[in-house]
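# Fold and contact review
If you want the building blocks of each chain, they are given just below.
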Amino acid sequence: MSNRYVTVTITRQTKAVSEKGFGLPLVLATSKNLGYKVYTDIDQVPADFDTTTEEYKLLSRMFGQNPRPAEIAVYGVQYDNATDDPTKLTSALNTLVTMGKNDFYYLLSVEQGDEEIIALAEWISTQDKIYAASTSSETLYTTLSGLYDNVFLLVHDQPRQYPAEGLVAQLAPLPIGSYTWTFKTIQGVSPATYDDTKINDIHEHNACTYIKEGGVNITSYGVATSGEYIDVVQSTHFIKARMAESVFRLLATNPKIPYTDTGIAMVVAKVDEVLKQAFKQGIIANENGEPLYSITVPTRAEIPANTRAQRVLPDIQWSATIAGAIEKVEIRGTLMI
């Protein structure tokens, strides 16, 4: 309220900017056509999928984990792997994205054939998302080895226990950077009956399996099929998304960001905020408690006039040391008399 003596003007900088989520899994169902739905509990599933269906079994595995996602999305396209082409699956995903339902981060499916997994892997390679699949194929993991940063393959002699999908359900609620995909126990899944030679071959070809080690059932190797650790891939997705969102929010909620050293500093501050958040989540390493990253940026005077005229701020560069994780320990000791 204002009066003749005092005028109060309040400017809002509260415009909402969409923020990419990293906790929502999407299950691509193939036993029936089904519009996009979100379930919060396994008890909701039988209304759409009978308890004998593979969709129900997969969702039951996911909802049976602790922790587990608060929500699991499902999208259905009727598909017959004996007669249909796998492009039917990727076309359905393209349709889903066109519909605006692109807020999922993990892609899963009941389809476990080699051709179907390859098609979904190729599709996900164009997205900043993760595709996880369970397979018993003796050749698929060699075919995919060296390819795809954002595909996780778990080889198991009983893939219909849905081990990869159960693992995703367990990790999805956790902050990216706070975990690896190795050493995880999946509720309801038995270890694969592979010998050491087979396990080593799976690892050498950048895939994971599920083993009993030291009396504990664990995932054996948390890498993407490219050979990169999957948590590192997730970290790049997180930083990329949050940095784009943070800088865009600055631009969208202010009347103007001046092309001055002060304005440039405002942009750099947003970059710095995201890197600090990545440090807090365990993505970026530290030394004596200080995050190991640096940011370099040109001053206004160093930027060509033509670039300034186009209102482009170039050459903001940052580098960071990733925290990584310890997954193997070598200990040497000597006993003496």
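Numbering of residues starts from 1 in every chain and runs along the sequence as written. Note on the predicted model: pLDDT of at least 70 is required for a residue's local features to be given, and 80 or more for side-chain atom pairs to be given and counted; whole-chain, interface and lining totals, by contrast, use all residues. To obtain the side-chain values, all non-hydrogen atoms of the structure were included, while hydrogens and water were left out.

### What to know about the overall build of the protein
Helix and strand content of the protein: nine helices and twelve strands. The buried share among the 337 residues of the protein stands at 45%. Here, two residues are considered to be in contact whenever any of their heavy atoms come within 4.5 Å of each other. Within the protein, counting contacts between residues at least 6 apart in sequence, those at least 24 apart form 67% of the total. The Shrake-Rupley method, run with a 1.4 Å probe sphere, supplies the accessible areas, and residue values consider only the shown protein chains as cover. Counting every atom, the protein has about 17,700 Å² of accessible surface; 50% of that belongs to carbon and sulfur. Measuring between centres, the 28 positive side-chain charges of the protein sit 13 Å from its 39 negative side-chain charges. Numbered from the N terminus, helices here are DSSP runs of H or I no shorter than four residues, and strands are runs of E no shorter than two. Here's how the labels work: a residue is buried when its accessible area is under 20% of the maximum for its type, exposed when over 50%, partly exposed in between, all with a 1.4 Å probe on protein chains only. The positive count covers Lys and Arg only, the negative count covers Asp and Glu only, and His and the chain ends enter neither. Just so you know, the charge point we use is NZ for Lys, CZ for Arg, CG for Asp and CD for Glu.

### A word on the packing of aromatic side chains
Between 30 and 60 degrees the pair is tilted, below 30 it is stacked and above 60 it is edge-to-face, where a pair is any two Phe, Tyr or Trp rings, Trp via its six-membered ring, whose centres lie within 6.5 Å. Throughout the structure, instances matching the rule amount to six aromatic pairs. Aromatic pair Tyr106 and Trp181: ring centres 6.5 Å apart, planes at 50°, arrangement tilted. Of the two residues, Tyr106 sits in strand 4 (residues 106–109) while Trp181 sits in the loop between helix 5 (163–171) and helix 6 (196–204), which places them 75 residues apart along the sequence. Accessibility expressed as a relative area gives 0% for Trp181, which makes it buried.

### Overview of the layout of surface pockets
For the largest pocket, the calculated volume is near 410 Å³. Forming the boundary of the largest pocket are 15 residues, of which Leu251, Ile257, Tyr259, Arg311 and Leu313 lie nearest the centre. When residues of the lining of the largest pocket are traced back to their parent elements, those giving at least two are helix 7 (230–253) and helix 8 (261–280). Top contributing element to the lining of the largest pocket by residue count: helix 8, with three residues. Side-chain classes are defined by residue name, with Ala, Val, Leu, Ile, Met, Phe, Trp, Tyr, Cys and Pro counting as nonpolar, Asp, Glu, Lys and Arg as charged, and the others, Gly among them, as polar. Across the lining of the largest pocket, the residue classes tally to eleven nonpolar, one polar and three charged. Mapped by element, the contributors of at least two residues to the lining of the second largest pocket are helix 6, strand 7 (210–213) and strand 8 (216–219). Counting residues per element, the lining of the second largest pocket draws most heavily on helix 6, which supplies four residues. Looking at the lining of the second largest pocket, its residues break down into six nonpolar, five polar and four charged. Think of a 1 Å grid over just the protein atoms. A cavity is a set of points where a 1.4 Å probe fits yet cannot get out, a pocket is an open set with protein on both sides within 12 Å along at least five of seven lines, and lining residues have an atom within 4 Å of a point. Grid points are joined across faces, edges and corners, and a volume is the space filled by probe spheres set on the points.

### Looking at the pattern of salt bridges
What makes a salt bridge here is a side-chain nitrogen of Lys or Arg within 4 Å of a carboxyl oxygen of Asp or Glu, nothing more. Scanning the model with the defined rule gives ten salt bridges in all. The salt bridge partner of Asp48 is Lys37, with a shortest N-O separation of 2.7 Å. Of this pair, Asp48 sits in the loop between strand 2 (34–39) and helix 1 (54–63) while Lys37 sits in strand 2; the two residues are eleven residues apart in sequence, bridging distant segments of the chain. Judged by relative accessible area, Asp48 falls into the buried class, the value being 14%. Lys57 is the salt-bridge partner of Glu54, the closest N and O atoms lying 3.2 Å from each other. Residue Glu54 and its partner Lys57 are located together in helix 1, separated by three residues, close to a single helical turn.

### Some details on the side chain of Ser109
Its location among the elements puts Ser109 in strand 4. Polar contacts here mean pairs of N or O atoms no more than 3.5 Å apart (in protein, one a potential hydrogen donor and the other a potential acceptor; neighbouring residues in sequence count only if both atoms are side-chain atoms). Separated by 3.1 Å, the side chain of Ser109 and the backbone oxygen of Leu28 make a polar contact. With residues up to four places along the chain from it excluded, the contact list for Ser109 reads Leu28, Leu58, Leu120 and Glu165.

### Notes on the nonpolar core
Take the buried residues of types Ala, Val, Leu, Ile, Met, Phe, Trp, Tyr and Cys, join any two whose side-chain atoms come within 4.5 Å, and each joined set is a nonpolar core. Core analysis: the largest hydrophobic core is formed by 55 residues, its most contacted members being Leu59, Phe152 and Trp181. Considering each element in turn, this core owes the most residues, eight residues, to helix 7. Once residues lying within four places of it in the same chain are set aside, the contact partners of Trp181 are Tyr106, Ile130, Phe152, Leu167, Val168, Leu171, Thr219, Gly222, Ile230, Asp231 and Gln234. Within the second largest apolar cluster, 35 residues are counted, among which are Ala73, Ala133, Leu140 and Leu144.

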